[in-house]
Every structure is written in C-alpha cells, then in structure tokens.
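Listed below, chain by chain, are the residues.
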Amino acid sequence: MKNTADIIIIGAGPVGIYLGWQLAKRNNSVIILERNSRKDAGSKMDQFHLETMVFEKYGIPPPMEGTDELITNFEYTSYYGPYGKYQQVMKYPVTAMRFQFFIQRLIGLAEENNVHFQFSTEYKEVLIKDNHIIGIKVEKEGNIQEFLGKLIVDATGSSAVVRSSLPKNFGVETFKIEEDEKMYVIQRVIQWKNPDEPHPGTGEYEESISWLYYKTWLAPHFLPNANIFGGGQPGGYGNQEKATEIFLKEVPFPLYDILEIHKATTAYRRPPYSLVGNGFLCVGDSACMSKSFSGEAIESSWNASLIAVEVIDRVLKKDQKLTMENLWQINIQYFRGRGAKLAALLAQIPGAANTTKKDVTYLFKHNFIFSGRDFTSMWENLELEISFGRILKIVSLFLWGLLTRQFSRKALSTMLRYMKISGRIRKHYEEYPENINDFEQWVEIAEKLWNQVEKMKFTLVSDQIS
Ligand SMILES: Cc1cc2nc3c(=O)[nH]c(=O)nc-3n(C[C@H](O)[C@H](O)[C@H](O)COP(=O)(O)OP(=O)(O)OC[C@H]3O[C@@H](n4cnc5c(N)ncnc54)[C@H](O)[C@@H]3O)c2cc1C
C-alpha cells in the first residue's frame, strides 16, 4: 500500500469513513488509518439509532430487513414527565441498528469507491513543516510508519488524539474533554420476566420511551422480550446508578432480568472555535458535534462532513494548498448554520437543570416546551417552532403557573437567563468571521459568552411533589 494520498484520515468510525467515502467519490485519494483490527472496527458499542431520514439525505443505502444490522424502524417516541405521567408523543421516524454491522458495511461502501484502509495502526504524532501539517507517524505491529497527505483529518472520536497533540500555537485548540464535560451513560439490556403482561414498551406509541426528567430511556433490542434500559447523568457512573434507583422508585417496572450492562460516556462541550488548521481538519466527536438534547452526534457530524467535502474538493481541484485560510469556509458554513443551533442548545442545559420535578410536571401537563410537537421540532430543526400566538399562550401559562404556585419563580428566572445567553451565543456563531483576521476578536467575545454558562450538575433528588 502506498503511504501517500490527498487525504489521510485517522479513525474508522462513522464520521471518518463517511468523510473519506464522499471525498473518494469525487476522485480524491483517501487513506483511513484505524487503531482496531478490521474485524473489531465498530466494536465500541452495540445498539444505536439514526434518524431514518439520514439514509436519503446523506446517500447511504438503508440497512436491509432480515440482516443483523437492522433492529427495527419505528415512528413514535413517547416522552413522559416525572412519575411517568403525562405522555407526550413525538412522531419522528428512527432506525435502530447495530453499530458494528453498520461500520463494517460502511467500510465496504468506502472501499468500493477506492478508499484504502489500514487497520491495527495507531496514531503517534504529526509531521509539520513551515507550520503546515504534511503527514503523520503511526505504529503498526511495533513498526513506525510515515503517511504523507495534503490534509490530515482527526476523526478519532472523543479521544481527539491528533487535535490534542497539535502544537499550542498551531491555531486549533488542543483541549481534551474533561470529566465534568461528559455524560456518564449506563445501558442495561433487560429481558422482561413476564413478557405477556403489560410493561413499558407495550403501550400505544411506546416504540421508544424517554423519561426526560430522569435522563432515562427505553429502546428496542434485538433479543426477544428485551429492551435497552438506559440512562445518563453528569458527574460519574455512580450518579447514573443513583438516578436509576430514584427512577425505579418513582416509575416502577415489572420484573426483569439484566442480561448485559454497558458503560460509556458522551461529551457535552462546545467544539473548538476552529475546525481547521494548515493541512488539518477535525470532525465528529473529536470536534464535539453532538446534539445536547440526545447525546447523538453522527447526523450532525455527517452534516459537517458534507460541508468539508465541498470545500476540500474545490481547493484540491484548483490545485491549491489546503491551508487554514483556504479551508476557512468550512468554519463559516458549519458554525453559522448547524453549529450555531447546536451551540445555542448546549448553552440551555444548565437552565433546564434548575427546574424541579414540580416545574417539569407543569410543563408536561400543559403541553408546552415539553410537548410532542416541541420534541418533533427539536429533532427536525434543532429549535422550537414558536409563533407569536404561541408565545402569548406560553407567557400566560407561565404567569398562571407562578400565580397558582405550580411553577417556581427560580425556574422561570433561570430559564429566561439561559434563553438570553443562548440567544446571544447563537447570534455570535451566526456572525462567525468571514475574514480569518477577525477570528481572534470573535474568539474573545465567544469566551466571555461561554464563561456565563455553568457546567452540568447532578440535580436529581427523590422528592415528592407538594
Ligand atoms: C452509549 C452511547 C450511545 C450512543 N448512541 C448514539 C446514537 O444512538 N446515535 C448517534 O448518532 N450517536 C450515538 N452516540 C454517539 C456516537 O457514538 C458518536 O457520536 C460517534 O460514534 C462519533 O463518531 P466518530 O467517527 O467521530 O468517532 P468514533 O465512533 O469514536 O470513532 C473513532 C475511531 O477512531 C479510532 N481511534 C481512536 N484513537 C485512535 C488512534 N490513536 N489511532 C487510530 N485510530 C484511533 C477508534 O478506534 C474509532 O474506530 C452514542 C454514544 C454512546 C457512548
């Protein structure tokens, strides 16, 4: 195998493979280097979800019925308030799949378009000449190899090994994701002991369920009479276990066996202010592109990948160098569009943390903010759809909630404060600088805005609604 290509991607996850595949489709040469063996590629998790629309939108053939890859397609997700009350139904088609089978198929699709993979290959360091990355050093079976390319892409997931090893003055932030910027997820595969009796998942519109207040969910599983019972909390797996205990006390489940337990983390953090440097791009989890309301990142990373493909291809076809300046359009298009919406959503999380069980119950009961229609809008557009008439209704419901003491003043003021901060953050990202020379000044303001956003905290307590 040759050790040079137009684009060298490190990491054969869903994002690195997709990006490489799309670049190769435009006749650019691509090499993807992956730490795992070919057989183990995609073994980091089992079950996952994709919005069904992604297959058409991103040109990926959907998984076939009757294969191990496809678990099921479902249309509805039910959201419940505290104590499992006040069902809200979201209509939004989702495909439940098995990650490793999907990754293996994606590798095949990329290879059909001449992407070259080298497995069991671990990234070691970047090679830099005149402040431009020209290649990398990797280790395979104890031997050091060099790969040279016009662009080096970090698609190594949340470890971000390439980005975090860049020189400090390179122009791309080198942060690692800190412990308090992660959600600690525990997924239990459970099997119902008496499957013929009603249990969560058998009710109407319960193909998938989310108990938002407890950050707990139930999803389909491929084994008979089994479900994934999952939950995520900030601050460590201990908090997640505590949350599950509280949840089961307040929303009791019929008897079940636990077949498997999987633990993993997802990142809740703003992306680096620049995704590009001279000869460099980061994308996917290495660039923190997750949707904060679900922790899912694949779709938004493919969205960013398509922007990157257009820009990279254009520069290469003009025979120009992939400098930070020539790649700058990736930053502009991503951060002014999808990136601005995701940043605004991320900034709203601490606001939600100050709502008590009683506040959340009030919102669920009266169909606002936590309503089926709002959830659909959030998934479809990454924002709530609020007309003037609806604003009037919401204001009157808030006032009524305050007057009747069903909604706390503290929750309202925190929500308003964070709506304001998040609105400012969105606007600032929508004004991402056209000119690279204005970047430093833009970052200074962005820093001030993000400093007003608190970190996530574990706030769940077992209390009664008075
Ligand atoms: C429990 C859980 C459930 C999730 N469910 C969903 C879901 O349902 N839907 C969704 O959209 N998202 C989900 N996510 C998030 C999703 O898994 C990630 O957003 C997605 O995998 C990111 O893709 P990526 O390609 O950026 O990184 P990864 O999938 O992490 O892939 C990175 C690749 O880089 C390789 N690598 C790492 N270091 C090196 C190195 N030094 N040298 C060479 N290779 C290296 C890794 O082996 C890996 O193959 C979930 C996450 C978790 C933890």
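Here the structure is a predicted model, which is why all the values come from computation and not from measurement. (Residues numbered from 1 in each chain as written. Predicted model: local features only at pLDDT ≥ 70, side-chain atom pairs only at ≥ 80, totals over all residues.)

Taken domain by domain, the protein chain comprises domain 1 (4-68 + 99-176 + 274-336), domain 2 (180-267) and domain 3 (340-451). Counting residues at the interface gives 13 residues for domain 1, matched by 12 residues for domain 3. Among the elements that make up the side of domain 1 that touches domain 3, the one with the highest residue count is helix H6 (residues 324-336) (7 residues). The residue inventory of the side of domain 1 that touches domain 3, partitioned by class, reads 6 nonpolar, 3 polar and 4 charged. (Domains from an automatic or database assignment. Contact = placed C-beta atoms within 7 Å. Helix = DSSP H or I, 4+ residues; strand = E, 2+ residues; numbered from the N terminus. Nonpolar A, V, L, I, M, F, W, Y, C, P; charged D, E, K, R; others polar.)

Turning our attention to the pairing of strand S12 (residues 216-220). Of all 5 residues in S12, 4 are buried, a share of seventy percent or more. In this structure, the hairpin formed by strand S11 (residues 209-211) and S12 is closed by a connection of 4 residues, where Lys 215 is found at a positive phi of approximately 50°. Note that S12 and strand S13 (residues 226-234) share 5 bridges and pair antiparallel. Bridge pairing in S13 places Trp 217 opposite Gly 230. Between S12 and the antiparallel strand that follows it, S13, lie 5 residues; Asn 225 among them carries a positive phi value of about 55°. (Buried ≥ 20, exposed ≤ 12 C-beta atoms within 10 Å, placed from the backbone. Pairing = 2+ DSSP bridges.)

The environment of the ligand is formed by 35 residues, the closest being Gly 11, Gly 13, Gly 157, Gly 284 and Ala 297. Of all elements in the fold, only helix H1 (14-25), strand S3 (47-51), strand S7 (121-129), strand S10 (182-192), strand S14 (256-267) and helix H5 (298-317) reach the threshold of two or more residues within the shell around the ligand. Taken together, the residues of the shell around the ligand break down into 14 nonpolar, 15 polar and 6 charged. For the shell around the ligand, the two domains that each supply at least three residues are domain 1 (4-68 + 99-176 + 274-336) and domain 2 (180-267). (Near = placed C-beta within 6 Å.)

This part covers unusual backbone geometry. The phi dihedral of Tyr 205 falls on the positive side, at around 60°, and the residue is not glycine. Take Tyr 205: it is sitting in the loop between S10 and S11. Of note, Cys 288 is a non-glycine position whose phi angle comes to about 50°, a positive value. Mapping Cys 288 onto the fold places it in the loop between strand S16 (280-282) and H5.

A separate point is helix H9 (residues 372-381). Those residues of H9 that fall on the buried side of the exposure criterion are Asp 374, Phe 375 and Trp 379. Within H9, the buried residues cover an arc of 130° as seen down the axis, which keeps them to one side. Looking at the residues trailing H9, positive phi occurs at Leu 382, about 60°. (Arc of directions from axis to C-beta.)

All right, on to the sheet that holds S10 then. Pairing is mixed across the open sheet formed by 8 strands, whose spatial order is S3-S5-S4-S11-S12-S13-S10-S14. Only two strands of the sheet have a single partner each, and these edge strands are S3 and S14. When strand polarity is set aside, the average angle formed by the axes of neighbouring strands in this sheet is 30°. Relative to strand S5 (residues 88-98), S3 is paired through 5 bridges, and the arrangement is antiparallel. Pairing of Gln 47 across the sheet is with Arg 98, part of S5. Across the sheet, helix H3 (residues 99-112) is in contact with S3 and S5; its angle to S5 comes to roughly 65°. (Axes fitted to C-alpha atoms, helices over the stretch in contact; angles between N-to-C directions.)

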